[in-house]
Amino acid sequence: MTYLSALPEPMPGSANRTLILSDLDVTRLLPMAACIDVMEHALRALAAGDAVLPLRTVLRLPGSSDAFALMPSLLTTGTDHAKRTSALGAKVITVFPGNDLTPLDSHIGVVLLFDGQQGRLRAIMDASSITAIRTAAVSGLATRLLARPDATDLAILGSGAQAMTHLDAMRCVRNVQRVRVWSRTPSRAARFAARASARFQCPVEPCFTAREAVTDAHIVCTVTSAREPVLEGEWIAPGTHINAVGASFSTTRELDTAAVRRAVVYVDRVESALAEAGDLLIPIVEGAIERDHIRGEIGALLRGDVAGPDAADDVTLFKSLGLAVEDLAAAQYLYARALATETGTSVFIGGVRHDM
Ligand code: NDP
């Protein structure tokens, strides 16, 4: 069950109640392998015209690199003549990169899920966990499509929440045998390596430089809050697949121009990439690449509407920005799983007329 034509009905007597799912509920109900399939359905729906989403609204907090973002979307089913809304919702989230020095997540908020029949607020879910899992799942999907089938050697640049979920996702889609991690703060790379080794029962090697981590890697995931490049094109071996995830603003990037220029580039959504992806926009402004250097969207690749890489030793790049429809599809899946497993807490919030 990954894509629903309508949200399932809650238990009798709970119809007017809103389900609350915590981070632990989300983590339990949304295993990575399932989420990769949910993301495939979400990006196929987007490519087929079955999703509506504006560019996200981002308020930058004055005098800081912190942000507050609103990401609404809806999913539809049916033909052009008889389209119905299956679910709608929004992620409301703060992004405070400095939180990585505290016990708090750098992304905090909720995903709101409404039904398309009566507009009922069906669920409120933790957004930190959904974001961590769905982002890595989309990278997993891109890796399944674009990385060499025999890829075993993984490099991760960054050691935060996304680093851990990306390791999980890469292991779901390829037979990962070697994992190297680099992080700006060496002690964090070492701590991540110890935690990840214990969690996945596989050796994870901390590296002192990013170059050391990526040399001869088959898959590279960049999952840092860096504003300037941490990955250089000349370090990348032929045939490498890169998931560039960390930079989400037009003025920030993790990859240098050479890395982007030598890669066949795919994105989650072209419109978002041309508005928000510094990794691509900075080389475009420099005149190093044209817009059509972006070969297409992952959803279009899934549908066969854009071509895959030309040769086995092409470097491929998936530039991820994160889309509201990914959160919505994850929430739709989680809601169905929560009802089926009687997970979560339901509360009465309102929305019912008391004069009838
Ligand atoms: P965390 O706060 O958990 O981790 C941040 C990581 O970035 C740490 O490893 C930190 O290194 C590193 N870092 C911070 N500043 C720098 C810098 N100037 N240079 C190099 N490394 C740096 O964040 P998450 O793991 O949750 O998210 C990682 C990135 O991914 C963020 O930028 C986030 O906005 C982005 N993101 C993208 C999504 C998408 O859909 N594309 C969705 C969610 C997040 P250290 O601790 O060693 O100092």
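In this text, all values refer to a predicted model and were calculated from it rather than measured experimentally.

Quick notes on the rules
- Residues numbered from 1 in each chain as written.
- Predicted model: local features only at pLDDT ≥ 70, side-chain atom pairs only at ≥ 80, totals over all residues.
- Heavy atoms only, no water.
- Domains from an automatic or database assignment.
- Buried area = accessible area lost by both parts, 1.4 Å probe.
- Salt bridge = Lys/Arg side-chain N within 4 Å of Asp/Glu carboxyl O.
- Near = heavy atom within 4 Å.
- Polar contact = N/O pair within 3.5 Å; in protein donor to acceptor, adjacent residues only side chain to side chain.
- Areas by Shrake-Rupley, 256 points an atom, 1.4 Å probe, with all protein chains shown as cover.
- Helix = DSSP H or I, 4+ residues; strand = E, 2+ residues; numbered from the N terminus.
- Buried < 20%, exposed > 50% of the residue type's maximum accessible area, 1.4 Å probe, protein only.
- Pairing = 2+ DSSP bridges.
- Core = buried A, V, L, I, M, F, W, Y, C linked by side-chain atoms within 4.5 Å.
- Contact = heavy atoms within 4.5 Å.

Re the domain arrangement of the chain
The domains assigned to the chain are domain 1 (18–130 + 324–347) and domain 2 (138–319). For domain 1 versus domain 2, the distance between C-alpha centres works out to 23 Å. Taking both sides of the interface into account, the surface hidden between domain 1 and domain 2 amounts to around 2100 Å²; carbon and sulfur atoms contribute 60%. Contact with domain 2 buries surface across domain 1, with Met32, Ile36 and Leu55 losing the most and accounting together for 28% of the total. Taken together, domain 1 and domain 2 are joined by 4 salt bridges. Among the ionic pairs, Arg56 bridges to Glu276, the shortest N-O distance being 3.1 Å.

With respect to the site of the ligand
Contacts to the ligand come from 25 residues, most closely from Ser159, Ser183, Thr185, Arg188 and Gly246. At 3.0 Å, a side-chain N or O of Arg134 approaches an oxygen atom of the ligand. Thr224 is positioned with one of its backbone polar atoms (N or O) 3.2 Å from an oxygen atom of the ligand. For the ligand, the accessible surface in isolation is 920 Å², of which the surrounding protein chains cover 88%. Elements represented by at least two residues in the shell around the ligand include exactly α3 (127–146) and α4 (161–173). Considering every element that reaches the shell around the ligand, the biggest residue donor is α3, with 3 residues. Both of domain 1 (18–130 + 324–347) and domain 2 (138–319) provide at least three residues apiece to the shell around the ligand.

Details of the pairing of strand β15 (residues 315–319)
Extensive coverage of β15 is indicated by the burial of 5 of its 5 residues. Residues Val315, Leu317 and Lys319 point to one face of β15 and Thr316 and Phe318 to the other, with burial holding for every one of them. Relative to β15, strand β12 (residues 241–244) is paired through 4 bridges, and the arrangement is parallel. Bridged to Asn243 within β15 is Phe318. In terms of strand pairing, strand β13 (residues 263–267) meets β15 through 5 bridges, oriented parallel. Of the residues in β15, the one forming a bridge with Ala263 is Val315.

Describing the pairing of strand β1 (residues 17–21)
Relative to strand β16 (residues 345–348), β1 is paired through 4 bridges, and the arrangement is antiparallel. Paired with Arg17 across the strands is Phe348, a residue of β16. Relative to strand β7 (residues 121–126), β1 is paired through 3 bridges, and the arrangement is parallel. Looking at β7, one finds that Leu21 is bridged to Met125.

Side note on the nonpolar core
One finds Leu113, Met125, Leu154, Val204 and Ile298 to be the most contacted residues of the largest nonpolar core, which totals 76 residues. Here this core gathers at least three residues from each of two domains, domain 1 (18–130 + 324–347) and domain 2 (138–319). Apart from residues lying up to four places away in sequence, Leu113 is in contact with Leu7, Ala87, Leu88, Arg120, Leu121, Arg122, Ala123, Met125, Leu328, Ala331, Gln332 and Tyr335. Grouped together as the second largest cluster of nonpolar side chains are 29 residues, Trp182, Val214, Ala217 and Val315 included.

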